[in-house]
Amino acid sequence: MIPFVIWNRQNQSGPAGVEQHDDAAAQVAPQPQSVPLADALVETIPDPFVLVDAGGRVVAANAAARHLFAARMTGEHLSQQIRAPSILDTIGDVIETGVARTVSFERRTGGGRRFEATISSIASGLPDETAPAAAILLRDMTDRQHLDRMRADFVANASHELRTPLASITGYIETLQGPARTDQAAQDRFLGRMLEQAHRMRRLIDDLLSLSRVEMNVHRTPSSVVDLSEIARYACEMMTSASKAEDCKIRVDAPAAAPVTGDRDELLQVVQNLIENAIKYGRSDKGIDVIVRIDAARRKVSLSVRDYGRGIAEEHLPRLTERFYRVSEQESRSRGGTGLGLAIVKHILLRHGADLDIESRIGQGTTFTIAMPVAGELSAAAE
Ligand SMILES: Nc1ncnc2c1ncn2[C@@H]1O[C@H](COP(=O)(O)OP(=O)(O)O)[C@@H](O)[C@H]1O
Ligand SMILES: [Mg+2]
């Protein structure tokens, strides 16, 4: 534990209440000038920090604690602010036994946030009943807990997604070993389905790896200048065979050059993902439009992928970029989807400091637009 300084507001006239503590031993250090220093130090702790006396009354509270609870909490009993019996009982135990403890509790007021409280006893050596007897350091664990839950959900979802094709492959193998052992036609059919399921597992693993790679890089901002117009044209070319198979025409409308700062492979992956979705979920007879625009006044480059499919209901829009979120699981599966495409897109764009906007009208289609800053000076060709 980091050694810390405590102080006694009740006894500011003299140095007796000023002590230096670490987790090994308490040591009296009479330094009159360190009273304001201790004050200043405790004020700078970003987490709420409170001192209570043996009766549980607040002796001092730093700025974070005053912000969380009440501006004037000194002199009040701590139970006015924290109602959880677990923490109040533990403070009594810690004062009695001298052994520090950590407990977690939930505060119902303020949106039900979860805190972890580390309570340490203070041997002030003062006979005074109002001397600090325990120090309480709080840590807001709400976001951390939310992240932990998201991570656990992700592992559970990924395992489930992988287990489904694996279960069907196992089922086919058992059938081939048993009832279909001598049935040539059934063998051919089942081997074909096994291959399909193996491909599905492969796509899932590729997407999971891709997502984890992008996530690992998310805080490294790219530095090279690339041309979004060229990327749009190249992505369309790469998707030609997929669009031909669906009889879907891709139209590109882009200026000669649209310079942005980015990673070419990753931006290509974004555009390909968006085109692939437009092919899969759009109406093939109406084609797809890929449009790059430069807004010179706002110094932004935008790239839109527009389809004319059945559209997406509004309630789904904010959740589309969540991992494994699909409007229709059945449709996504039958189209070879993994539910990870837009999560990968979101993370790549996050790394690029780019925005993603989704506009959709039921029965009319969907437009995904990415927007990012122009890189460098705009050339005449670009404008
Ligand atoms: N252009 C689109 N039109 C309609 N729905 C779409 C479109 N793009 C994405 N979606 C919906 O968003 C979901 C998530 O997309 P994505 O993350 O790429 O996963 P996948 O395509 O593998 O299912 C899709 O399953 C689909 O329901
Ligand atoms: Mg997709």
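What counts, and where the lines are drawn
- Residues numbered from 1 in each chain as written.
- Chains lettered and ligands numbered in written order.
- Predicted model: local features only at pLDDT ≥ 70, side-chain atom pairs only at ≥ 80, totals over all residues.
- Heavy atoms only, no water.
- Axes fitted to C-alpha atoms, helices over the stretch in contact; angles between N-to-C directions.
- Helix = DSSP H or I, 4+ residues; strand = E, 2+ residues; numbered from the N terminus.
- Parallel < 35°, antiparallel > 145°, perpendicular 65-115°, else oblique.
- Left-handed = near helix turned anticlockwise from the far one by under 90°.
- Nonpolar A, V, L, I, M, F, W, Y, C, P; charged D, E, K, R; others polar.
- Near = heavy atom within 4 Å.
- Polar contact = N/O pair within 3.5 Å; in protein donor to acceptor, adjacent residues only side chain to side chain.
- Buried < 20%, exposed > 50% of the residue type's maximum accessible area, 1.4 Å probe, protein only.
- Core = buried A, V, L, I, M, F, W, Y, C linked by side-chain atoms within 4.5 Å.
- Contact = heavy atoms within 4.5 Å.
- Salt bridge = Lys/Arg side-chain N within 4 Å of Asp/Glu carboxyl O.
- Pairing = 2+ DSSP bridges.

**Notes on the packing of helix 5 (residues 142–177) against helix 6 (residues 184–216)**
Relative to each other, helix 5 and helix 6 sit at 160°, their axes nearing to 9 Å. Between helix 5 and helix 6, the angle falls in the class roughly antiparallel. The two elements helix 5 and helix 6 cross, and the hand of that crossing is left-handed. Across the contact of helix 5 with helix 6, the residue classes break down as 18 nonpolar, five polar and three charged.

**Brief notes about the site of ligand 1**
Around ligand 1 sit 19 residues in total, of which Asp307, Ser332, Thr338, Gly339 and Leu342 are the nearest. The separation between an oxygen atom of ligand 1 and a polar side-chain atom of tyrosine 281 is 2.9 Å. Take aspartate 307: an N or O atom from its side chain is 2.7 Å from a nitrogen atom of ligand 1. Every element with two or more residues in the shell around ligand 1 is listed here: helix 9 (264–281), helix 11 (341–351) and strand 15 (365–373).

**Comments concerning unusual backbone geometry**
Despite not being glycine, arginine 299 shows a phi value in the positive range, around 55°. Position of arginine 299 relative to the elements: it lies in the loop between strand 12 (288–295) and strand 13 (300–307). We classify arginine 299 as partly exposed; its relative accessible area is 34%.

**Some points on the nonpolar core**
The biggest cluster of nonpolar side chains holds 50 residues, and the ones touching the most others in it are Ile275 and Ile288. Taken together, the elements giving at least two residues each to this core come down to helix 5, helix 6, helix 7 (228–238), helix 9, strand 12, strand 13, helix 11 and strand 15. Per-element tally for this core: the top contributor is helix 9, with eight residues. Excluding residues that lie within four positions of it along the chain, isoleucine 275 makes contacts with Ala235, Cys236, Met239, Ile250, Ile288, Val290 and Val305. Counting 21 residues, the second largest nonpolar core, distinct from the first, contains Val52, Met73, Phe105 and Ile136.

**A few points about the pattern of salt bridges**
Evaluated as defined, the whole model comprises 24 salt bridges. One salt bridge in this structure joins arginine 66 and glutamate 43, with 3.1 Å as the shortest N-O distance. Residue arginine 66 is located in helix 2 (residues 63–68), and its partner glutamate 43 is located in helix 1 (residues 34–44); the two are separated by 23 residues in the primary sequence. Residues glutamate 322 and arginine 319 are paired through a salt bridge, measuring 2.9 Å at the closest nitrogen-oxygen approach. Look at glutamate 322 and you get partly exposed, because its relative accessible area is 33%. For arginine 319, a relative accessible area of 39% puts it in the partly exposed group. Among the charged side chains, a salt-bridge network with shared partners connects Glu161, Arg326, Glu329 and Arg333.

**Overview of the pairing of strand 12**
Pairing of strand 10 (residues 250–253) with strand 12 involves four bridges; the strand directions are parallel. For isoleucine 250, the partnering residue across the bridge sits in strand 12 and is isoleucine 288. Two strands pair when backbone bridges link them, and strand 12 and strand 13 are joined in this way by eight bridges, in the antiparallel orientation. Bridging across to strand 13, aspartate 289 finds its partner in arginine 306.

**Let's talk about the environment of proline 85**
By the secondary structure assignment, proline 85 is in helix 3 (residues 85–97). Among the residues examined, proline 85 registers a relative accessible area of 55% and is labelled exposed. In this structure the C-alpha to C-alpha distance between proline 85 and phenylalanine 105, which are 20 residues apart in sequence, comes to 9.0 Å.

**Overview of the side chain of aspartate 289**
Structurally, aspartate 289 can be placed in strand 12. Side chain to side chain, aspartate 289 and arginine 251 meet in a polar contact 2.8 Å long. When neighbours within four sequence positions are excluded, aspartate 289 is seen to be in contact with Arg251, Ser304, Val305, Arg306 and Tyr308.

The quantities given are spatial measurements derived from coordinates; they are silent on function.
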